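Structural characterization, general
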Amino acid sequence: MPTTADHLVAGWREWVGLPGWGVEWVKAKLDTGARSSAIHAFDVHEFERDGQTWVRFSIHPWQRSAEDAATVESPVHDRRRVRSSSGHTTERYVVRMDVTLLGRTVPTEMTLTSRDQMGFRMLIGREALRQGFVVDPARSYLGERPPRAVRRRNRGR
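Model, not experiment: these values are computed from the prediction.

Quick notes on the rules
- Residues numbered from 1 in each chain as written.
- Predicted model: local features only at pLDDT ≥ 70, side-chain atom pairs only at ≥ 80, totals over all residues.
- Heavy atoms only, no water.
- Core = buried A, V, L, I, M, F, W, Y, C linked by side-chain atoms within 4.5 Å.
- Buried < 20%, exposed > 50% of the residue type's maximum accessible area, 1.4 Å probe, protein only.
- Contact = heavy atoms within 4.5 Å.
- Pairing = 2+ DSSP bridges.
- Helix = DSSP H or I, 4+ residues; strand = E, 2+ residues; numbered from the N terminus.
- Axes fitted to C-alpha atoms, helices over the stretch in contact; angles between N-to-C directions.
- Salt bridge = Lys/Arg side-chain N within 4 Å of Asp/Glu carboxyl O.

**Some remarks on the nonpolar core**
- L18, W21, M122 and I124 are the most contacted members of the largest nonpolar core, which totals 30 residues.
- Once residues lying within four places of it in the same chain are set aside, the contact partners of W21 are I39, F57, I59, V72, S74, V95 and M97.
- W25, W62, Y141 and V150 belong to the second-largest nonpolar core, a separate cluster that totals 5 residues.

**Some thoughts on the sheet that holds strand β5 (residues 42-49)**
- With antiparallel pairing, 3 strands are arranged side by side in an open sheet as β5-β6-β7. Only two strands of the sheet have a single partner each, and these edge strands are β5 and β7 (70-75). Neighbour-to-neighbour, the strand axes of this sheet turn through a mean angle of 20°, independent of strand direction.

**Some words on the pattern of salt bridges**
- Counting across every chain of the model gives 6 salt bridges.
- With a closest N to O distance of 2.6 Å, E73 and R49 form a salt bridge. Placement of E73 in strand β7 and of R49 in strand β5 is noted, with a sequence separation of 24 residues between them.
- Owing to a relative accessible area of 33%, E73 belongs among the partly exposed residues under this scheme.
- The class of R49 is partly exposed, set by a relative accessible area of 29%.
- Here E73 ties to R56 by a salt bridge, and the two come within 2.7 Å at their closest N and O atoms. Placement of the pair is E73 in strand β7 and R56 in strand β6 (residues 52-59), with a sequence separation of 17 residues.

Put into structure tokens, the structure is as follows:
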């Protein structure tokens, strides 16, 4: 795996894991033009636990597929107004989660949004990438890849 002096070199798209949520593989777009990270979330419900605001939501780890949905509960870290690449502003829940990229696990603030129409279920932004990664836009999948059967499942086969 290529490295610079103290950073891992990643491609513009990589396979990542969400170890705290039991999701081993999600294909993510690494986007240095986006400040925050985002994950496709649906069935989002806010609730209270021990005096703190939590959110329960489901995620689809596979692109163009509703199979193997995972339901997650997490404390709400924040709510933020986020402007999409198309210029629309929405308020989103922000949760903290660990993301494993190129074998390194980093804490990440992740916004919850509908990415059904997007090519990737997850977007990793600058705030997460600044924790020891540089992106080579000419490369893809420089890190570990799931087994072939998992990759085929992600393509809906």
